[in-house]
Amino acid sequence: MTYTEASMDALRNAGDELADATVAALFERGEVGTFNTLMRYVSTAGAPLPDGLPDSARDYLEATRVPPAWVDWAEMEKARLFFIDNNVHISTALSFASMPACYVVPHVAKLLSATHGLKYPSKRMAETGQFTVYLMQPDAFEAGSRFIPAAQKVRLLHASIRHHLRRENRWDTDVLGTPINQEDMIGGQMFFSLLVLDSLHRLGIHLSQEGAEAYYYAWRVVGAMLGVDQDAVPKTLDEARHFLDRYMIRHMGPSEEGATLTRQLIDLYEEVVPGTFFDPIVSALIRYLIGDTCADWLRVPHTPWDTVVKAVPHLLGVLETIEDRSPLGAWALDRLGHLTTVLELSSLTRGRVMHYAIPEQLKKDYGIPSATPRTHRWTPPAVTVS
């Protein structure tokens, strides 16, 4: 698939017709309370719907209650095992590469800053992490799961943001495009998939080609559930590289909002890290994963840890060797990964009782060893835009 300036411009002006029509019908009829009830009520797939829902809401829930017909379940199982095997590394990449990458796109940073609630990194990171955990359950698409309702809510939330920003004239669509448009949603999909894989590679994590492709495939399924136009989504990692290169060249740059959001993110994780001695590692890790140019745009401070953090791939290589050669070591590292994930989600929500929680079924699966041998190391697709 080839992405031209014209095709990218078309994506920039497109929203999500189904979700947008649903939200418009609810708000134009003055049913703000119905929208809020819907967002609060739907929590598990297959749950009975509240009485009094208008037809538009019921039609939306019916249309989005199942995954795409093209889903390859064997590929999704590979992605689930890949996630279990690399959950801590994936969480690191999401926190210190994917989120800063969002902030280095000025109009995305502007939207996050202009939207109440989404500008707080703790909430956004907790929800992103939990969303991924829900997706990687073995029953993510079955009755009783939390992933499908979570996807339905995110899609409606995006549509409500588009509706309010445009209605209140708080967004210059001529200059900035449609808020949360198809180009940005695909860009976000690339940040949470290909950029995560790039970051794992940079950290020295040994990824198999099969595991990398499965993880990317899982995020294609996520994109479909979130209303991303599948005709425009890159189907392969090579196509994903081409899209991401073009997207970043078109949009990345410095902004006051991006720098502010990054500072909030750094402050958040410095609070999570015990004591103060290791605080600078947060900035150093962001700088290492996104590069000096983007880090400078986001005003990520230089620290003495900038050099130290470059040894991380060597340390992780030692841990991988232990995991491969010792069943006990593999078990211990898997448990450490599980505990780290729980700690991070708890810390991000300041220890509150979370609506977002590690599902019991996935807790049991954290002891599963890697399903793929560490051979044929994955190599990231080459840069396609000079």
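Scroll up a little and you will see the structure.
In this text, all values refer to a predicted model and were calculated from it rather than measured experimentally. (Residues numbered from 1 in each chain as written. Predicted model: local features only at pLDDT ≥ 70, side-chain atom pairs only at ≥ 80, totals over all residues. Heavy atoms only, no water.)

J.: Help me out: how do you make sense of the overall build of the protein in this one?
T.: Looking only at helices and strands, one finds 21 helices and 0 strands in the protein. Taking all 386 residues of the protein together, the buried fraction comes to 55%. Look at the contacts in the protein between residues 6 or more apart in sequence, and 78% of them connect residues 24 or more apart. By element, 57% of the accessible surface of the protein is carried by carbon and sulfur atoms, the whole surface being about 17,100 Å². (Helix = DSSP H or I, 4+ residues; strand = E, 2+ residues; numbered from the N terminus. Buried < 20%, exposed > 50% of the residue type's maximum accessible area, 1.4 Å probe, protein only. Contact = heavy atoms within 4.5 Å. Areas by Shrake-Rupley, 256 points an atom, 1.4 Å probe, with all protein chains shown as cover.)

J.: Where do I start with the packing of aromatic side chains in this structure?
T.: In this description, an aromatic ring pair is defined by two values, namely the gap between the centres and the angle between the planes. Counting across every chain of the model gives 9 aromatic pairs. Here phenylalanine 191 and tyrosine 247 contribute two aromatic rings whose centre-to-centre distance is 6.0 Å and whose plane-to-plane angle is 65°, an arrangement assigned as edge-to-face. Of this pair, phenylalanine 191 sits in helix 11 (residues 182–192) while tyrosine 247 sits in helix 14 (residues 237–251), and the two are 56 residues apart along the sequence. For the pair formed by phenylalanine 191 and tyrosine 247, the shared burial category is buried. On the basis of an interplanar angle of 15° and a centroid distance of 6.1 Å, the ring pair of phenylalanine 243 and tyrosine 247 is categorised as stacked. With a gap of 4 residues between them, phenylalanine 243 and tyrosine 247 both fall in helix 14, about one helical turn apart. An identical accessibility class is assigned to phenylalanine 243 and tyrosine 247; each is buried. By the ring-pair criterion, three or more aromatic residues cluster together here, those being Tyr3, Phe191, Phe243 and Tyr247. Its guanidinium or amino end placed over the ring of tyrosine 288, arginine 202 lies 4.2 Å from that ring's centre, counting from NZ or CZ. (Phe/Tyr/Trp six-rings, centres within 6.5 Å; stacked < 30°, edge-to-face > 60°. Lys NZ or Arg CZ within 6 Å of the ring centre and 35° of its normal.)

J.: Is there a simple way to explain the nonpolar core in this structure?
T.: Soluble globular proteins: nonpolar side chains tend toward being buried together. In terms of nonpolar packing, the biggest core is built from 92 residues, with Phe147 and Phe191 touching the most fellow members. Per-element accounting of this core gives the leading share, 10 residues, to helix 13 (residues 209–225). Look past the residues within four positions of phenylalanine 147 in its chain and what remains in contact with it is Phe131, Tyr134, Leu135, Ala140, Phe141, Val222 and Met225. The next biggest cluster of nonpolar side chains, apart from the first, holds 13 residues, and it includes Met39, Ala57, Leu156 and Ala159. (Core = buried A, V, L, I, M, F, W, Y, C linked by side-chain atoms within 4.5 Å.)

J.: Is there a simple way to think about the packing of helix 6 (residues 87–103) against helix 16 (residues 280–290) in this case?
T.: A packed helix pair is summarised by two numbers, namely the angle formed by the two axes and the spacing between the axes. In contact at an axis separation of 9 Å, helix 6 and helix 16 are set at 65° when each is read in the N-to-C sense. Judged on the interaxial angle alone, helix 16 and helix 6 are roughly perpendicular. For helix 6 against helix 16, the interelement crossing comes out right-handed. Across from Thr92, Phe96, Ala97 and Pro100 in helix 6, the residues of helix 16 making contact are Val282, Leu285, Ile286, Leu289 and Ile290. Class assignment of the residues belonging to the contact of helix 6 with helix 16 gives a composition of 8 nonpolar, 1 polar and no charged. (Axes fitted to C-alpha atoms, helices over the stretch in contact; angles between N-to-C directions. Parallel < 35°, antiparallel > 145°, perpendicular 65-115°, else oblique. Left-handed = near helix turned anticlockwise from the far one by under 90°. Nonpolar A, V, L, I, M, F, W, Y, C, P; charged D, E, K, R; others polar.)

J.: Mind showing me how you'd approach helix 2 (residues 17–28) here?
T.: Because each turn of an α-helix spans 3.6 residues, side chains separated by three or four positions in sequence point in the same direction. Taking 1.5 Å as the rise per residue, helix 2 with 12 residues should run 16 Å; its terminal C-alpha atoms sit 16 Å apart, in good agreement. Of the positions making up helix 2, those classed as buried are Ala19, Asp20, Thr22, Val23, Ala24, Leu26 and Phe27. (Expected span 1.5 Å × (residues − 1).)

J.: What should I look at first to understand the side chain of glutamine 152 in this one?
T.: In this structure, glutamine 152 sits in helix 9 (residues 147–167). For glutamine 152, a relative accessible area of 6% corresponds to the buried category. In this structure the side chain of glutamine 152 is engaged in a polar contact, spanning 3.3 Å, whose partner is the backbone oxygen of leucine 61. (Polar contact = N/O pair within 3.5 Å; in protein donor to acceptor, adjacent residues only side chain to side chain.)

J.: Before we go on, may I ask you to explain the environment of glutamate 168 in this structure?
T.: Along the chain, glutamate 168 turns up in the loop between helix 9 and helix 10 (173–176). Judged by its relative accessible area of 37%, glutamate 168 is partly exposed.

J.: I keep staring at the pattern of salt bridges and nothing clicks. Help me out?
T.: In the structure shown here, the tally under the stated rule is 18 salt bridges. With its nearest N and O atoms 2.8 Å apart, the salt bridge here joins arginine 263 to aspartate 267. Here aspartate 267 and arginine 263 lie together in helix 15 (residues 256–272), a separation of 4 residues that amounts to about one turn. Aspartate 267 sits in the partly exposed class, given a relative accessible area of 33%. Among the charged side chains, a network of salt bridges with common partners joins Glu5, Asp9, Glu183, Arg246 and Arg250. (Salt bridge = Lys/Arg side-chain N within 4 Å of Asp/Glu carboxyl O.)

J.: What's the story with the side chain of aspartate 198 in this structure? I'm lost.
T.: Considering the arrangement of structural elements, one finds aspartate 198 in helix 12 (residues 194–202). Residue class for aspartate 198 comes out buried when judged on its relative accessible area of 18%.

J.: It is not clear to me how unusual backbone geometry should be interpreted in this structure. Could you clarify?
T.: Working note: non-glycine residues mostly have negative phi, and peptide bonds are mostly trans. With phi around 55°, asparagine 169 is a residue other than glycine that occupies positive phi space. Examined against the element boundaries, asparagine 169 turns out to sit in the loop between helix 9 and helix 10. Taking the relative accessible area as the measure of exposure, asparagine 169 reaches 70% and is therefore exposed. With a phi angle near 60°, arginine 299 is a residue other than glycine that sits in the positive phi range.

J.: Please explain the packing of helix 2 against helix 9 as it appears in this structure.
T.: Interhelical geometry of helix 2 versus helix 9 gives an angle of 60° and a closest axis separation of 8 Å. Considering the angle they form, helix 2 stands oblique to helix 9. Classified by chirality, the crossing of helix 9 by helix 2 is right-handed. Packed against helix 2, whose contacting residues are Leu18, Ala19, Asp20, Thr22, Val23, Ala24 and Phe27, the element helix 9 presents Arg155, Leu156, Ala159, Ser160, Arg162, His163, His164 and Arg166 at the interface. By residue class, the composition of the contact of helix 2 with helix 9 is 7 nonpolar, 4 polar and 4 charged.

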